[in-house]
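A structural walkthrough
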Amino acid sequence: MTLFVALAGLLGMLALGFHIAVTMGLVSSALVLSMPSVPVTVIAQTAFQSINSYPLMAIPMFILMGNVMTRGNIVGVLIELIGSIVRCIRGGLAITVMLSCIFFAAVSGSSVGSAAAIGSATIEGLKREKYPVKFSAALVAVGSTLGLMIPPSLGFILIGSIVGIPVDKLFIAGIVPGLMEATMLLLTTMFVVRKNGYGEVASKADLKGFVRSTPKAAGAITMPVLVLGSIYLGIFTPTEVSAVAAGYAIVLCVFVYQTLKWKDIWSISKDSLLQATMIFAVVLGGSLIGFILARMGATAQLIGFMERLDMEPWQFLLLANAVLMVLGMFLDGVAMIVLTAPLLFPMATHLGIDPIHFAVIMVANVEIATLTPPIGLNLFVMSGIAKIPVESVAKGVMPYYLTRVAALGLITFVPAISLILLK
C-alpha cells in the first residue's frame, strides 16, 4: 500500500511540473522518514554514494567534448566531406545528413546534442533543395538518436555505474548494434527519398572536393578512433579517455579549425557543468528510490512473482520492452534508466539474460523514447530549429519509427548482435 501511495505522489508531482530529480528525492525521503527502523542519515549517505562513482566522472568530460564539437561547427566539415561523394545520387543531401549523424554520434554521446548541432547546420540547406520541412526535421531527429547507442554513450555510462557493469564492455557492445541501426536508417532514408522524389542530384561525384576536404576533416574523423581505439586497446579507461577527448576537441576547435576562442571555452564549460549537474541530480534521486525498493524487498518480490508465473526469458524481454516503451512516453532517457535499471536488471540476470545484452536493449528503448510523443526530446529540439509544430515532426518520424522498432526486435532476440565483439 505504501508503494502505491508513493507512486501516486510521484506521478502527481510530475503532472504538476516538478523536476524528476526533485520528485524522486522528495518521495524517497518521505518514505525513509516513514520507516522508524531506518536512520535519517541514510538519505545523505545513499545520495553521496550514488554519485561518488569513478565511471560517472566520464559524464562531464564527454558532455564538454560534445558541446565543444557542437559549438565549433564540426558538422559543417563532415557534411562538406561526405557530400562531395554522395550528392551525385538521389537524395544525396539527406543521405549526407544521416551519415553525418553517424559520425557525430561517435563523438557527442548525446542524442539531443547531436540533434541541435546537426539540425542547426543542415535544415536550411535541406529547405533550399526542396526537401519538405517535416521530412528534414524528422531525418535529423531520428539520425541523432544514434548518439545514444554508438559510443561514447552517456546511457551506457549511467547503466554501468548503477548496475556495476564495466563501461568499456558496454561501449564495445554498442558498436555493432549502432552500426546496424545506422544501416537500417540509411536504407529507410533512401527508400523514402526515392519513393517521393525528394532532393536534387549532382551530375557526378566531386572527387576533387573530397580530396580537398579530407585534410580539413581529418581531425574530426580521428575523434571516434581516439575514443574507441584507446578503450578497445586498453590504453585508457572510459573515464580517462573522456578527459583526453575533451582536451583534443578544444585543441581542434581553437587551434586547428579556429572556430572557437578561449572565451568561448569558458561559457561552454559552464553550460556543460549545468548539464552534468542535472544528470547527477537525477542519479541522486533515483538512488534513493532504489534504496527504498531494496529495503522493502520489491525486487525479491518481483522475482518471486516471475517464478510463480514460470516466465520464460523471451516473455520477460517482451514485457520489459513494453514497459520501457510506455515509460518512454512520459520520462526522459536518464530518468528511465535510473528508475528501471535497479528493478529490471536483477530480474533479467535471474532468468539467465546476459546483463550486457540487456543494457543494449535498454539503450535501444531510450533511443525510441526520444522520438515518442508527448515527451520525446528530439521532437521538441527539431520543432524549435525547423520552426514547425511538434506534431509535424512526429508525423515525419513515422516511417523511421517502424525501422526503430524493427531494430529493437533484432537487438532483443539476437543477442549475438550485442555480444559478438566481446567473445
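Residues numbered from 1 in each chain as written. Predicted model: local features only at pLDDT ≥ 70, side-chain atom pairs only at ≥ 80, totals over all residues. Heavy atoms only, no water.

1. Re the layout of surface pockets
Space inside the largest pocket adds up to approximately 1,200 Å³. Surrounding the largest pocket, 33 residues form its lining, Leu-7, Leu-293, Leu-302, Leu-339 and Leu-343 being those nearest its centre. Of all the secondary-structure elements, those providing two or more residues to the lining of the largest pocket are helix H1 (2–15), helix H2 (20–33), helix H14 (262–295), helix H15 (298–309), helix H16 (313–327) and helix H17 (333–350). Among the elements that make up the lining of the largest pocket, the one with the highest residue count is H1 (7 residues). (1 Å grid on protein atoms, 1.4 Å probe; cavity = no way out; pocket = protein on both sides within 12 Å on 5 of 7 lines; lining within 4 Å. Points joined across faces, edges and corners; volume = space filled by probe spheres on them. Helix = DSSP H or I, 4+ residues; strand = E, 2+ residues; numbered from the N terminus.)

2. Topic: the pattern of salt bridges
Enumeration over the complete set of coordinates arrives at 4 salt bridges. Among the salt bridges present, the one from Lys-127 reaches Glu-124, with a minimum N-O distance of 3.6 Å. Residue Lys-127 and its partner Glu-124 are located together in helix H7 (residues 111–128), separated by 3 residues, close to a single helical turn. We classify Glu-124 as partly exposed; its relative accessible area is 44%. Arg-404 is the partner of Glu-181 in a salt bridge, and the nearest nitrogen-oxygen pair spans 3.1 Å. One end of the pair, Glu-181, is in helix H11 (residues 175–196); the other, Arg-404, is in helix H20 (residues 390–413), with 223 residues separating them in the sequence. Here Glu-181 matches Arg-404 in class, with each residue buried. (Salt bridge = Lys/Arg side-chain N within 4 Å of Asp/Glu carboxyl O. Buried < 20%, exposed > 50% of the residue type's maximum accessible area, 1.4 Å probe, protein only.)

3. Some details on the packing of helix H19 (residues 377–386) against H20
Where H19 contacts H20, the two axes come as close as 8 Å, and the packing angle between them is 120°. For H19 against H20, the interelement crossing comes out right-handed. Residues Leu-379, Phe-380, Met-382 and Ser-383 of H19 form the contact with H20, whose own contacting residues are Val-390, Val-393, Ala-394 and Val-397. Taken together, the residues that form the contact of H19 with H20 break down as 7 nonpolar, 1 polar and no charged. (Axes fitted to C-alpha atoms, helices over the stretch in contact; angles between N-to-C directions. Left-handed = near helix turned anticlockwise from the far one by under 90°. Contact = heavy atoms within 4.5 Å. Nonpolar A, V, L, I, M, F, W, Y, C, P; charged D, E, K, R; others polar.)

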